[in-house]
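The residues making up each chain are set out below.
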Amino acid sequence: MEQNTNSQIQTTPRPAREGQGGGSVGRRLYGNLIFELSKKGRKGYSLPQDYDRSHSTSELPEALRRKEAARLPECDELTVVRHYTNLSHNNFGVNDGFYPLGSCTMKYNPVINEEIAAMKAFAGLHPLQPAETCQGALEVYYNLQQSLAELAGLSEFTLNPCAGAHGELTGLMVIRAYHEAAPHSAPEGATDVKSADSKTTEAPSGAVGGASSRTKVLIPDSAHGTNPASAAVCGLEVVEVKSLADGTVDVDHLRQLLDEMGDQVAAMMMTNPNTLGIFEPHVLEITEMVHKAGGLMYYDGANLNALLGECRPGDMGFDVMHINLHKTFSTPHGGGGPGSGPVGVRKGLEQFLPYPRVKMEAPLSSPEGDTAPAFSIDWGKEAPSGAVGGAGTSSVGSFFGNYGVMLKAYAYILSLGRENVKMVGPLATLNANYIKERLRDDYLLPIEGLCKHECVFDGLVDKSTGVTTMDVAKRLLDYGYHAPTIYFPLLFHESLMIEPTENESKETIDAFIDVMHKIAAEAKSDPELVKSAPHNTPIGRVDDVLAAKQPVTTYWKSIEA
Amino acid sequence: MANFESGLYYSESHEYVRVEGEFGYIGISDYAQHALGNVVYVDMPEVDDEVTAGEEFGAVESVKAASDLIAPVSGTVVEINEALEDEPELLNKDAFGNWIIKVQLSDPSELDNLMDVEAYKKHCE
């Protein structure tokens, strides 16, 4: 007797149709659950007769012992292997087809990155290995710290944080530690702080290590959702800065907020280009205003791809930033990890960064080539008490962070080299603007002018048949494309955000544009076809409301069946 | 398309207040529920909590996004609409018929800062 299979999804295989995004050509659509393949008593293993069972659960306390058998599926090995292999064919990644997921920079992950990361000399390392036995690995670590600092226009990086949001939190912890350690000299470059009102540069009462009165973080209303979340987790209070009609920061509103609460502002968080893909024209004025009030500027590196090699956050006046290696530096996004979110700071803030950090002890090899540089690990045992996490325990992740990810990012930087890194931002920008101009006849463009690495539409121009952005996104799946980001940013009701990255050829982009026009035509001629999409996927339209309110996350089938 | 109800006070962030004596019933406009899409959760304050005009007092979560609820007026919460705990979709069915919180107004003059239906209609265009 079937008690409960997941009722809100359809698992009936559907006939495959030819996709155009490279995604589903000849693809078999598989929708079985492993529980449906289970046969009572079937095993995928056999144990010897004399197998020692003395370590049975009888040794466990009564309260921890299971009262009845776990309802696990019973399958032979081949069935299990086929099941997961077939499921894996339902995946869609950058290697399957075009993946224009705005704000996520789904760029190609070059194979050479994987080859380097898989090298035994790296993959077999132990994180507690003595430094003298892994000099090459430390050199890579050190060089990546230096390369990121150069690309960002900042002084020093920690590679410890394991993701973008983790980097944001780490960066804000650095900013908090900086304010709590006041009095201090302002970070170099943020010179305007020195000329600011004396009230803002004086130490808050409580002196070193004490609580700071700077508890507010200014965040534009167009920001990525992680910004306010990170600030809240860091114990800081979010204050929203309004946007103008063109989506850029309302400088007058910022000025008003700084007048009202400037001496309580710890930092302002910004991403540039912003989440609409627009370069903030007043960024220099903004960083100067916040510095004058005694706050620091945080750069959310999520959109760094647009600027890579073209201009640098440090030169715009930012003091602290994170970089998503899994976006800008071509390492895989994975299924939620592993990622890497290195955090960089301007000169004068290095002492607040977490550990470990790798230092170079000797100069680079002499012209004779016999002086090898020596790299050492600074675990922060003598870290100042103001460092994030405090002296001796000042790490935000396990050991060095995700070292394999760093290897891939470093391989990417070396593959491109200084000259080609400069092509990334302009090519990503060119691709986004090409899509924007070619789609604006059918899709509503709310903001005129050049965009950077991504473009945002506000749904279809012709909304008369009731076809929404959600419907367009679902219909794209039928054509073998990954959907763009939808309903973000929140500034528009029907946001559809496309980020093609620099990797795609004109042919791929043209094919995508053709399909987008085709869907717009379908929305007029056969709106029901679009509203009921997707039709070619293993799972049809999911009931979002039911899934959000009553998610069924377990499968249960009665044993006696 | 969206309905507009006259006789209510509206805020720029799409909340409304229906005034009955010293009490105000605060909810979200039909335009707001339309923009949000299917509502799956309503985060409400507790009775006796104070709300302050211009500040957040809860949130509405839809399949698209979570949006803060901004109090259009200040006051003390005297009742919350408990039906929304189990059936948040009531906001989609009838936004004006399903208020979110009932407050005792602490400063009725704040109502002067809000829009009437005609001004709100223009705001939504």
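Residues numbered from 1 in each chain as written. Chains lettered and ligands numbered in written order. Predicted model: local features only at pLDDT ≥ 70, side-chain atom pairs only at ≥ 80, totals over all residues.

Chemist: Got a sec to walk through the overall build of chain A? Specific residues and values, please.
Modeler: For chain A, the helix and strand inventory stands at 16 helices and 14 strands. Of all 561 residues assigned to chain A, the portion counted as buried reaches 43%. Within chain A, contacts between residues at least 6 apart in sequence are counted, and of these 73% link residues at least 24 apart. (Helix = DSSP H or I, 4+ residues; strand = E, 2+ residues; numbered from the N terminus. Buried ≥ 20, exposed ≤ 12 C-beta atoms within 10 Å, placed from the backbone. Contact = placed C-beta atoms within 7 Å.)

Chemist: A description of the confidence of the model for chain A should follow, citing residues and the corresponding values.
Modeler: All names here are of chain A. Across chain A, the average pLDDT comes to 86, with 84% of residues at 70 or higher. Taken as a whole, residues 1-18 scores under 50 in pLDDT and shows 37 contacts with residues more than four places along the chain or in a different chain. This stretch, residues 191-209, has a pLDDT under 50; its non-local contacts, to residues over four places away or in other chains, come to 33 contacts. (pLDDT = per-residue confidence, 0-100.)

Chemist: Can you lay out the sheet that holds strand E6 (residues 56-62) of chain B for me, pointing to particular residues and giving the numbers?
Modeler: All names here are of chain B. Read from one edge of the open sheet, three strands run E4-E6-E7, paired in antiparallel fashion. Both edges of this open sheet fall to strand E4 (39-43) and strand E7 (66-70), since each of them pairs with a single strand only. In this sheet, adjacent strand axes meet at a mean angle of 20° when their direction is disregarded. Across four bridges, E4 lies against E6 in antiparallel orientation. Bridge pairing in E6 places aspartate 43 opposite alanine 59. (Pairing = 2+ DSSP bridges. Axes fitted to C-alpha atoms, helices over the stretch in contact; angles between N-to-C directions.)

Chemist: Tell me what's going on with the interface of chain A and chain B, and back it up with residues and numbers.
Modeler: Many descriptions give the size of an interface as the accessible area lost when the pieces come together. Facing the seven residues of chain A at the interface are six residues of chain B. Looking at side-chain class alone, the side of chain A that touches chain B contains four nonpolar, one polar and two charged residues. (Nonpolar A, V, L, I, M, F, W, Y, C, P; charged D, E, K, R; others polar.)

Chemist: Which residues make up the environment of lysine 359 of chain A, and what values go with them?
Modeler: Residue and element names in this part refer to chain A. Along the polypeptide, lysine 359 turns up in strand E9 (residues 357-360). Note on lysine 359: 13 C-beta atoms within 10 Å, which makes it partly exposed. A sequence separation of 221 residues divides lysine 359 from leucine 138, and the C-alpha atoms of the two residues are 8.6 Å apart. Ignoring any residue separated from it by four or fewer positions in sequence, one finds lysine 359 in contact with Phe375, Ser376 and Asp378.

Chemist: So what about the sheet that holds strand E12 (residues 485-486) of chain A? Which residues, and what values?
Modeler: All names here are of chain A. The three strands are arranged E11-E13-E12 in an open sheet whose pairing can be described as antiparallel. The open sheet has two edge strands with one neighbour each: strand E11 (455-458) and E12. Pairing between E11 and strand E13 (residues 495-498): four bridges, direction antiparallel. In the strand pairing of E13, aspartate 458 is matched with serine 495.

Chemist: Summarise helix H13 (residues 469-478) of chain A; cite the residues concerned and give the values.
Modeler: Residues and elements named next belong to chain A. Across the 10 residues of H13, 10 count as buried, placing the element largely inside the fold. Along H13, the positions that sit buried rather than exposed are Thr469, Met470, Asp471, Val472, Ala473, Lys474, Arg475, Leu476, Leu477 and Asp478. Residues of H13 that are buried make contact with E12, E13, helix H14 (506-525) and helix H15 (527-531).

Chemist: Help me get a handle on the environment of alanine 32 of chain B, residues and values and all.
Modeler: Residue position: alanine 32 of chain B is located in helix H1 (residues 30-36). Assessed through the 22 C-beta atoms surrounding it within 10 Å, alanine 32 of chain B is described here as buried.

Chemist: Give a description of the pairing of strand E9 (residues 101-105) of chain B that names residues and reports values.
Modeler: All names here are of chain B. Judged from the four bridges that link them, strand E3 (residues 23-28) and E9 form a sheet pairing that is antiparallel. Residue isoleucine 26 lies in a different strand from E9, and its bridge partner there is isoleucine 101. The pairing of strand E8 (residues 75-80) with E9 spans five bridges and is antiparallel. The residue of E9 that forms the bridge with threonine 76 is glutamine 104.

Chemist: Explain the nonpolar core to me, using residue names and the numbers behind them.
Modeler: Ranked by size, the top nonpolar core spans 115 residues in total, and within it Val174, Ala267, Tyr298, Val320 and Met406 of chain A carry the most contacts. With 14 residues, the top contributor of residues to this core is helix H12 (residues 403-439) of chain A. Setting aside residues up to four positions removed in sequence, alanine 267 of chain A forms contacts with Ile175, Val217, Gly295, Leu296, Met297 and Tyr298 of chain A. Grouped together as the second largest cluster of nonpolar side chains are 28 residues, Tyr9, Tyr10, Ala95 and Trp99 of chain B included. (Core = buried A, V, L, I, M, F, W, Y, C linked by C-beta atoms within 7 Å.)

Chemist: Break down the packing of helix H4 (residues 135-152) of chain A against H12 of chain A for me, citing the residues and quoting the values.
Modeler: Residue and element names in this part refer to chain A. H12 packs onto H4 with a crossing angle of 60° between their chain directions and a minimal axis gap of 10 Å. The orientation of H4 with respect to H12, classified from their angle, is oblique. Once H4 is placed against H12, the crossing between them reads as left-handed. Listed contacts from H12 to Val140, Tyr141, Asn143, Leu144 and Ser147 of H4 are Met406, Leu407, Ala409, Tyr410 and Ile413. (Parallel < 35°, antiparallel > 145°, perpendicular 65-115°, else oblique. Left-handed = near helix turned anticlockwise from the far one by under 90°.)

Chemist: How would you sum up the environment of leucine 257 of chain A? Please name residues and give values.
Modeler: For leucine 257 of chain A, the location among the structural elements is in helix H8 (residues 251-261). C-alpha separation for the pair leucine 257 of chain A and glycine 102 of chain A, spaced 155 residues apart in sequence, amounts to 30 Å.

Chemist: Explain the packing of H8 of chain A against helix H9 (residues 283-292) of chain A to me, and be specific about the residues and the numbers.
Modeler: Residue and element names in this part refer to chain A. Taken N-terminus to C-terminus, the directions of H8 and H9 make an angle of 5°; their axes are 11 Å apart at the nearest point. It follows that H8 is roughly parallel to H9 by the angle criterion. Contacts between H8 and H9 pair Val251, Leu254, Arg255 and Leu258 from the former with Glu285, Ile286 and Met289 from the latter. Its residues assigned to classes, the contact of H8 with H9 shows five nonpolar, no polar and two charged.

Chemist: Can you break down the confidence of the model for chain B residue by residue, with the values?
Modeler: Of the residues in chain B, 100% reach a pLDDT of 70 or more, and the chain-wide mean stands at 94. Taken over the whole predicted complex, pTM reads 0.84, whereas the ipTM for its chain interfaces reads 0.75.

Chemist: Explain unusual backbone geometry to me, using residue names and the numbers behind them.
Modeler: All names here are of chain A. Cis geometry is adopted by the peptide bond preceding proline 489, which originates at phenylalanine 488 and carries an omega value of -5°. Note on placement: proline 489 falls in the loop between E12 and E13. Going from alanine 533 to proline 534, the amide bond is cis rather than trans, its omega being 5°. Counting through the fold element by element, proline 534 comes out in the loop between H15 and helix H16 (544-549).

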